[in-house]
Amino acid sequence: MLNLDVTVDNNSGFCFGVVYAIELAEEYLDEYGKLYSLGDIVHNDEEVKRLQEKGLQTIDHDQLKELKNERVLIRAHGEPPETYQIGMENDLELIDASCPVVLKLQHRVKNAYKQKEKPIYIYGKQGHPEIKALMGQTSQDAVVFSSEEELEQMELPEELQLFSQTTKDISKLYGIRDKLEARGINVDLHDTICRQVSNRDGE
């Protein structure tokens, strides 16, 4: 049998945004015994199962459109504007547990889009809930890329605004900025990466 020495990263565990969402869900479940969550509240099967046993029901966006007069939790990833519109039209009580760091990023992207000064590029995972919410702030008028290699294949403008999904690696974001500037592109960088997540040990 191997003699393993296991070290747990001090920054491991749920981030504060997820902890807040779980605590908020538990408050409503304790009071009402039932609550819908738009998507899994956390990427952890055991925790999702625990909350389901307390009355949390996970739904998708198609199911959201069919709900009326119910309580629905917006998880830490945040949601695009159309989700809130559906909530108003269907008389839903939306319990917003969007992470403050995510909300700050959404506001910055929204303001940048309104100003229409430079094209918006977002470093992140296509299809990720946080990215979907960000794209909603721009009426889908932004470019999402997941790597330097992917960006190198694109025809880029002379200047752009660079944003990032909050959970991406800081050094990679700044590395992308440096490579773009080396290509002669004027980059307006918005660093809204969550330090609690990015400071964890690399994979």
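Refer to the structure above for everything that follows.
Residues numbered from 1 in each chain as written. Predicted model: local features only at pLDDT ≥ 70, side-chain atom pairs only at ≥ 80, totals over all residues. Heavy atoms only, no water.

We now examine the overall build of the protein. Across its full length, the protein holds 9 helices and 8 strands. If you line up the protein on its principal axes, its C-alpha atoms span 60 × 55 × 25 Å. Of all 203 residues assigned to the protein, the portion counted as buried reaches 43%. Once local pairs closer than 6 in sequence are excluded, the contacts in the protein between residues at least 24 apart make up 64%. Here the protein has roughly 11700 Å² of accessible surface; of this, 45% comes from carbon and sulfur atoms. (Helix = DSSP H or I, 4+ residues; strand = E, 2+ residues; numbered from the N terminus. Buried < 20%, exposed > 50% of the residue type's maximum accessible area, 1.4 Å probe, protein only. Contact = heavy atoms within 4.5 Å. Areas by Shrake-Rupley, 256 points an atom, 1.4 Å probe, with all protein chains shown as cover.)

Glancing now at the packing of helix α5 (residues 100-115) against helix α6 (residues 129-136). As a packed pair, α5 and α6 sit with axes 9 Å apart at the nearest point and diverge in direction by 30°. In this view, α5 runs roughly parallel relative to α6, as classed from their interaxial angle. Read as a crossing pair, α5 and α6 show a hand that is right-handed. Between α5 and α6, the contacting residues are Val102, Leu105, Gln106 and Val109 on the first element and Glu130, Ala133 and Leu134 on the second. When grouped by side-chain class, the residues that make up the contact of α5 with α6 number 5 nonpolar, 1 polar and 1 charged. (Axes fitted to C-alpha atoms, helices over the stretch in contact; angles between N-to-C directions. Parallel < 35°, antiparallel > 145°, perpendicular 65-115°, else oblique. Left-handed = near helix turned anticlockwise from the far one by under 90°. Nonpolar A, V, L, I, M, F, W, Y, C, P; charged D, E, K, R; others polar.)

It is worth spelling out the pairing of strand β7 (residues 159-164) at this point. For β7, a buried count of 5 out of 6 residues is recorded, marking the element as mostly surrounded by other parts of the structure. The sheet contact formed by strand β5 (residues 120-123) and β7 spans 4 bridges and is parallel. Across the sheet, residue tyrosine 121 finds its bridge partner in β7, namely leucine 162. Bridge count for β7 against strand β8 (residues 186-189) is 4 bridges, and the pairing is parallel. (Pairing = 2+ DSSP bridges.)

Under the defined criterion, the tally for this structure stands at 8 salt bridges. Note that lysine 34 and glutamate 70 form a salt bridge whose closest N and O atoms lie 3.6 Å from each other. Within this pair, whereas lysine 34 is found in the loop between α1 (16-32) and β1 (35-38), its partner glutamate 70 is found in the loop between α3 (61-66) and β3 (71-74), the two being separated by 36 residues in sequence. Put simply, aspartate 178 and arginine 177 hold a salt bridge, and the shortest N to O gap is 2.8 Å. Of the residues examined, aspartate 178 reaches a relative accessible area of 40% and is grouped as partly exposed. Each of Glu26, Glu47 and Arg50 takes part in one network of salt bridges that share partners. (Salt bridge = Lys/Arg side-chain N within 4 Å of Asp/Glu carboxyl O.)

Those residues of helix α2 (residues 45-54) that fall on the buried side of the exposure criterion are Glu47, Val48 and Leu51. Buried residues in α2, looked at end-on, bunch into an arc of 100°, giving them a common side. Opposite the packed face of α2, turned more than 90 degrees from it, sit the exposed residues Asp45, Glu46 and Glu53. Its buried side turned inward, α2 meets α1 and β2 (56-59). (Arc of directions from axis to C-beta.)

What follows deals with the nonpolar core. Ranked by size, the top nonpolar core spans 20 residues in total, and within it Leu35, Ile41 and Leu73 carry the most contacts. Contributing elements (two or more residues each) for this core: α1 and α2. It is α1 that contributes the most residues to this core, 7 residues altogether. Among all residues touching leucine 35, those that are not within four sequence positions of it are Ala25, Tyr28, Leu29, Gly55, Leu56, Gln57, Arg71, Val72, Leu73 and Ile95. The next biggest cluster of nonpolar side chains, apart from the first, holds 13 residues, and it includes Leu173, Ile176, Leu180 and Val187. (Core = buried A, V, L, I, M, F, W, Y, C linked by side-chain atoms within 4.5 Å.)

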